[in-house]
Amino acid sequence: MSEEKGVTRRSLLLTFGIALNGIIAAAIAMPVIGYLLSPIKKKAAYNQWITLGSLNQFPEGETRLANFVNPFKRPQDGETAKTPCWVRRVSADKFQVFAINCAHLGCPVRWFPQSALFMCPCHGGVYYADGERASGPPERGMFQYDYKVVGGELHINAGLMPTLAELKRKSPCLG
Ligand code: FES
């Protein structure tokens, strides 16, 4: 009778031990699996094409301000999730979509159609209409989003910040 009880207690402890080990193994494995899968998840998350609206909003030869919602927004972001960008329609199907941020230290640049220049209010950076650097502290032209036209709408890859790091990732030869 007592041996039966002992066997029962032993098997109960064994089962408890196995279950505890299983929980600990899962707790250790989950972050490791998450880390191993992160490149796949990141790639999917960064590839976020977002519409800026109908092509009719962007007359040929003009540069207009457009807004989109940051694909990585969180509930607490509120209005700040709205991200502006400058859209230049070069011809019927050729566009340039510029990040609003100056290539120097990131201040929002403004478009002045009278002078056909983008100007940065912070340190006087100036860019030509095609986004190339004209003068001031920025060392390069404005950053641009990848775009495509789908069903009469302009889409940009808003998941990827058009920064130097992203340009280098696409073209490692940039150093
Ligand atoms: S942030 Fe634009 S010139 Fe410095």
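Residues numbered from 1 in each chain as written. Predicted model: local features only at pLDDT ≥ 70, side-chain atom pairs only at ≥ 80, totals over all residues. Heavy atoms only, no water.

J.: Quick one: what's the story with the sheet that holds strand S3 (residues 82-89), residue by residue and with numbers?
T.: Strand pairing within a sheet occurs via backbone hydrogen bonds; the two strands may be parallel or antiparallel. With antiparallel pairing, the four strands of this open sheet are ordered in space as S2-S3-S4-S9. Each edge of the open sheet carries a strand with a single partner, namely strand S2 (63-69) and strand S9 (144-145). One ladder, built from five bridges, connects S3 with strand S4 (residues 95-99); its direction is antiparallel. In the strand pairing of S4, Arg89 is matched with Phe95. (Pairing = 2+ DSSP bridges. Helix = DSSP H or I, 4+ residues; strand = E, 2+ residues; numbered from the N terminus.)

J.: Now, about the pairing of strand S10 (residues 147-150): what can you tell me, with residues and values included?
T.: Relative to strand S11 (residues 153-157), S10 runs antiparallel, the two sharing four bridges. Note that in S11 the partner of Val149 across the bridge is Leu154. Between S10 and S11, which follow one another and run antiparallel, lie two residues, and Gly151 among them has a positive phi close to 55°.

J.: Provide a residue-level description of the domain arrangement of the protein, including the pertinent values.
T.: Domain annotation for the protein reports domain 1 (1-45) and domain 2 (49-174). If you average the C-alpha positions of domain 1 and of domain 2, the two centres end up 49 Å apart. (Domains from an automatic or database assignment.)

J.: Break down the nonpolar core for me, citing the residues and quoting the values.
T.: Formed by 29 residues in total, the largest nonpolar core has its most connected members in Leu52 and Val87. Broken down by secondary-structure element, the contributors of at least two residues to this core are strand S1 (49-54), S2, S3, S4 and S11. Sorting elements by how many residues they give to this core places S4 first, with four residues. In contact with Val87, other than residues within four places in its own chain, are Leu52, Phe58, Glu62, Thr63, Arg64, Ala66, Phe95, Gln96, Val97 and Leu154. (Core = buried A, V, L, I, M, F, W, Y, C linked by side-chain atoms within 4.5 Å. Buried < 20%, exposed > 50% of the residue type's maximum accessible area, 1.4 Å probe, protein only. Contact = heavy atoms within 4.5 Å.)

J.: So what's going on with the sheet that holds S11? Residues and values would help.
T.: Taken in spatial order, the three strands line up as S1-S11-S10 in an open sheet, and their pairing is antiparallel. Among the strands making up the open sheet, the edge pair consists of S1 and S10. For this sheet, the mean angle separating the axes of adjacent strands, direction not counted, is 30°. (Axes fitted to C-alpha atoms, helices over the stretch in contact; angles between N-to-C directions.)

J.: A description of the pairing of S3 should follow, citing residues and the corresponding values.
T.: Here S2 runs beside S3; their pairing, made up of seven bridges, is antiparallel. If you follow Arg64 over to S3, its bridge partner there is Val87. The antiparallel pairing of S3 with S4 creates a hairpin that spans five residues between the two strands.

J.: I'd like a description of the packing of aromatic side chains, backed by residues and values.
T.: To describe a pair of aromatic rings, you give the distance between the ring centres and the angle between the ring planes. Throughout the structure, instances matching the rule amount to five aromatic pairs. Arranged with centres 5.8 Å apart and planes meeting at 70°, the rings of Phe95 and Tyr147 form a pair that is edge-to-face. Pair noted here: Phe95 is in strand S4 and Tyr147 is in strand S10, with a separation of 52 residues, a long-range link. Take Phe95: its relative accessible area is 3%, and that puts it in the buried class. The ring centre of Trp49 lies 4.3 Å from the NZ or CZ of Lys148, which sits over that ring. (Phe/Tyr/Trp six-rings, centres within 6.5 Å; stacked < 30°, edge-to-face > 60°. Lys NZ or Arg CZ within 6 Å of the ring centre and 35° of its normal.)

J.: Tell me what's going on with the environment of Gly125, and back it up with residues and numbers.
T.: Mapped onto the fold, Gly125 is located in the loop between strand S6 (117-119) and strand S7 (126-128). C-alpha separation for the pair Gly125 and Gln114, spaced 11 residues apart in sequence, amounts to 17 Å.

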